[in-house]
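A structural walkthrough
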Amino acid sequence: MARQPKPSAAPWVPATHSLSVLRAAVPECRGCDLYKYATQAVFGEGPQDSKVVMVGEQPGDEEDVKGHPFVGPAGRLLNKAMLDAELDREKIYVTNAVKHFKFKIERGKRRIHAKPGGIEISACRPWLEAELDAIHPELIVCLGATAAQSLMGRDFRITAERGKFHPHPWAKEVVATVHPSAILRALRENYDEEYELFVRDLRVIAKRVRELERHA
Ligand code: URA
């Protein structure tokens, strides 16, 4: 029996280094099945000349409705932590490993986040690769395991590697930290410590960004 081709966004990704051309093409993507259920594809946002790209997992419920990355609860926590770490979000291109919201329906109506699988992460990678190819960042920051898996492979472990810089073909370096949703999910007694560890990672990243800016 003939093997089914692996799902991939590649046929929908235009060969261009223009973020606006890529952004205009993403709503047509049929690279995996997630487009059937999501409201819209959510593309990355930020300056094309960013030295730093931050990669999350996938749009959440609020991002899916509004069409922008990290504008929901996880995004608000990320903004606060970035402020505390003195990392300027305006200068950073923010995107996701998967461009459509994957969810389950609870009690017939509430949409609950569902983790994207390896098939969806790899199907969507051509979009991420095209964004990174257009931007040529010096540093990629993976927020959580899905982004780290997309960029560093399935064996990469955030717990062991958080805050460490690794060389990468798509940027000078890649660094990973936890996803802000993991802090939102932390037990109340662990919240402050988890938040502080996240800000500590972001401070290390902010220091590296200042070094990159000095050597530009
Ligand atoms: N979580 C993500 O990973 N990305 C978003 O854009 C929102 C929530």
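Describing the packing of helix α3 (residues 73–84) against helix α8 (residues 188–214)
α8 packs onto α3 with a crossing angle of 60° between their chain directions and a minimal axis gap of 9 Å. Between α3 and α8, the crossing angle belongs to the class labelled oblique. Once α3 is placed against α8, the crossing between them reads as right-handed. Across the interface between the two elements, Leu77, Leu78, Lys80, Ala81, Met82 and Asp84 of α3 pack against Tyr191, Tyr195, Phe198, Val199, Leu202 and Arg203 of α8.

Side note on the site of the ligand
Every residue near the ligand is listed here: Gly56, Glu57, Gln58, Pro59, Gly60, Glu63, Pro69, Phe70, Asn96 and His179. Within the backbone of phenylalanine 70, a nitrogen or oxygen atom sits 2.8 Å from an oxygen atom of the ligand. Notes on the ligand: free accessible area 240 Å², of which the protein chains cover 94%. Looking at the shell around the ligand residue by residue, the classes come out as 3 nonpolar, 5 polar and 2 charged.

Notes on the sheet that holds strand β2 (residues 93–96)
Pairing is mixed in the open sheet, where 5 strands are placed in the order β2-β1-β5-β7-β6. Looking at the sheet topology across the chains shown, the edges are occupied by β2 and β6 (165–168). Each adjacent strand pair in this sheet contributes to an overall mean axis angle of 25°, direction not counted. In terms of strand pairing, strand β5 (residues 139–143) meets strand β7 (residues 171–177) through 5 bridges, oriented parallel.

Conventions we followed
- Residues numbered from 1 in each chain as written.
- Predicted model: local features only at pLDDT ≥ 70, side-chain atom pairs only at ≥ 80, totals over all residues.
- Heavy atoms only, no water.
- Axes fitted to C-alpha atoms, helices over the stretch in contact; angles between N-to-C directions.
- Helix = DSSP H or I, 4+ residues; strand = E, 2+ residues; numbered from the N terminus.
- Parallel < 35°, antiparallel > 145°, perpendicular 65-115°, else oblique.
- Left-handed = near helix turned anticlockwise from the far one by under 90°.
- Contact = heavy atoms within 4.5 Å.
- Near = heavy atom within 4 Å.
- Polar contact = N/O pair within 3.5 Å; in protein donor to acceptor, adjacent residues only side chain to side chain.
- Areas by Shrake-Rupley, 256 points an atom, 1.4 Å probe, with all protein chains shown as cover.
- Nonpolar A, V, L, I, M, F, W, Y, C, P; charged D, E, K, R; others polar.
- Pairing = 2+ DSSP bridges.

By themselves, these are just geometric observations and shouldn't be taken as functional.
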